[in-house]
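Each chain, written out:
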Amino acid sequence: MPTPANEFATNAPATPAASTVAPVLGDKEFEFIRHVVGVNAGIVLGPNKRQLVQGRLARRLRELGMQSYAAYCDFVREAGPEELVRLINAITTNVTAFFREKHHFDALASYMLPEALERNQASRRIRIWSAGCSTGEEAYCIAMVAAETLPAAPRWDLKILATDIDSNVISTAAQGVYPLERLSTVSEARLRRWFLKGSGELAGYARVRAQIAGLVTFRSLNLLHPWPMRGPFDVIFCRNTMIYFNQPTRERLLERFADLLVDGGYLCLGHSESIHSANGPFRLVGKTVYRKVTGGRDGG
Ligand SMILES: C[S@@+](CC[C@H](N)C(=O)[O-])C[C@H]1O[C@@H](n2cnc3c(N)ncnc32)[C@H](O)[C@@H]1O
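Treat the numbers as computed from the prediction; the structure is a model and nothing was measured. (Residues numbered from 1 in each chain as written. Predicted model: local features only at pLDDT ≥ 70, side-chain atom pairs only at ≥ 80, totals over all residues. Heavy atoms only, no water.)

1. Overview of the sheet that holds strand β8 (residues 261-269)
Piece 1. As summarised here, the arrangement of the 7 strands in space is β6-β2-β1-β7-β8-β10-β9, forming an open sheet in which the pairing is mixed. Since the sheet does not close on itself, it has two edges, and those belong to β6 (216-220) and β9 (282-286), each with one partner. Adjacent strand axes in the sheet meet at a mean angle of 20°, parallel and antiparallel pairs treated alike.
Piece 2. Sheet topology note: the strand β1 (residues 125-131)/strand β7 (residues 233-238) ladder contains 3 bridges and is parallel. Each bridged residue has a counterpart across the sheet, and for W129 the counterpart in β7 is I236. (Pairing = 2+ DSSP bridges. Helix = DSSP H or I, 4+ residues; strand = E, 2+ residues; numbered from the N terminus. Axes fitted to C-alpha atoms, helices over the stretch in contact; angles between N-to-C directions.)

So this is what it looks like as structure tokens:
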């Protein structure tokens, strides 16, 4: 009769079952994914991002029941645009927070919106774009600040467009429902005024009130593609998004933002982003706040 130890030794496989071993992202497949993501989303994945890419795609491979990245890359080649969207959704970095880099919201209240009110008296229209909005916190913060700053009467036509390449974050954003711990950076007064605390199934969550949600339109949009909107915008937030792009893509994007901004309008960038050209249309006027000083677009 074998001892329990022998029994174990006899029955145990020499190596773990293939399905329990996480596939490893090899050189060729990493190069392919870097290329596809770079060309289609503008996102630059440096050679040091291999582990990150492997980690972010592991779940997708499991969902597809695939054992190797070679099989997954073949699938991406054959499956077309739908899988490309899934691949890009998995790769994007969506870190965000309510009132992240709060100085931009202070600037919005103290001079960006007051100047727009002055400039747009005839049209009574204000347009703001959150480009690379992730799960919507940035856009809802803009809406809260605008609702607090704009005069109640006579009414203004305020619209906030919020876009992202990642269709998953856009659907989360459009729901406007957040776990309470994500609201720790929202003041008590704003929580009471602009959120509804959930109960029952939504206990532990809060929903953005309709008054705020109604100001924001969420859309999937790849910043590299043609943009359907004509502008002009009074303010564009594009924060912590251009850092993922290469320099030519950033420069082209800045030109396109300038084209859509009203003269005197503002562009807010993320804390590690900046505009170097002194000859272009943007002047640094605050911490990562740029004012468009020249250009052909008309306000109002
Ligand atoms: C780190 S989040 C920034 C969120 C927010 N703006 C903030 O600062 O908190 C960057 C976002 O850019 C989006 N993004 C990356 N490449 C993009 C592209 N080509 N077009 C549009 N959005 C893109 C990502 O999906 C991600 O949600």
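2. Quick notes on the pattern of salt bridges
Side chains bearing opposite charge may pair, as long as their charged atoms lie close to each other.
Piece 1. Counted under the stated rule, the structure contains 16 salt bridges.
Piece 2. Across the pair R50 and D27 runs a salt bridge whose closest N-O atoms are separated by 2.7 Å. Placement of R50 in helix α3 (residues 50-64) and of D27 in helix α2 (residues 27-41) is noted, with a sequence separation of 23 residues between them.
Piece 3. For R60, the salt bridge is made with E63, and the minimal N-O distance between the two is 2.8 Å. (Salt bridge = Lys/Arg side-chain N within 4 Å of Asp/Glu carboxyl O.)

3. Concerning the sheet that holds strand β5 (residues 205-208)
Piece 1. Taken in spatial order, the 3 strands make up an open sheet running β3-β5-β4, and their pairing is antiparallel. Looking along the sheet, the strands with just one partner apiece sit at the ends: β3 (177-179) and β4 (195-197). Strand-to-strand twist in this sheet, taken as the mean axis angle between neighbours without regard to direction, amounts to 30°.
Piece 2. Taken together, the 3 bridges between β4 and β5 define a ladder with antiparallel strand orientation. Each residue of the ladder has a partner; that of L196, found in β5, is R207.

4. Description of helix α4 (residues 69-79)
Piece 1. Among the residues of α4, Y69, Y72, C73 and V76 are the ones counted as buried. The arc that holds every buried residue of α4, seen down its axis, measures 100°, which confines them to one face. For α4, exposure combined with an orientation more than 90 degrees from the buried face picks out R77 and E78.
Piece 2. Just downstream of α4 lies G80, where phi reads positive at about 85°. (Buried < 20%, exposed > 50% of the residue type's maximum accessible area, 1.4 Å probe, protein only. Arc of directions from axis to C-beta.)

5. Structural notes on unusual backbone geometry
Piece 1. Here the amide bond leading from G231 into P232 is cis, since omega sits at -5°, within 30 degrees of zero.
Piece 2. Assignment of secondary structure puts P232 in the loop between β6 and β7.
Piece 3. Positive phi is not limited to glycine here, since R124 has a value of about 55°.
Piece 4. Structurally, the position occupied by R124 is in the loop between α6 (103-119) and β1.
Piece 5. A positive phi angle, near 50°, is found at S134, a position not held by glycine.
Piece 6. Relative to the elements of secondary structure, S134 occurs in the loop between β1 and α7 (137-149).
Piece 7. The exposure class of S134 is buried, given its relative accessible area of 5%.

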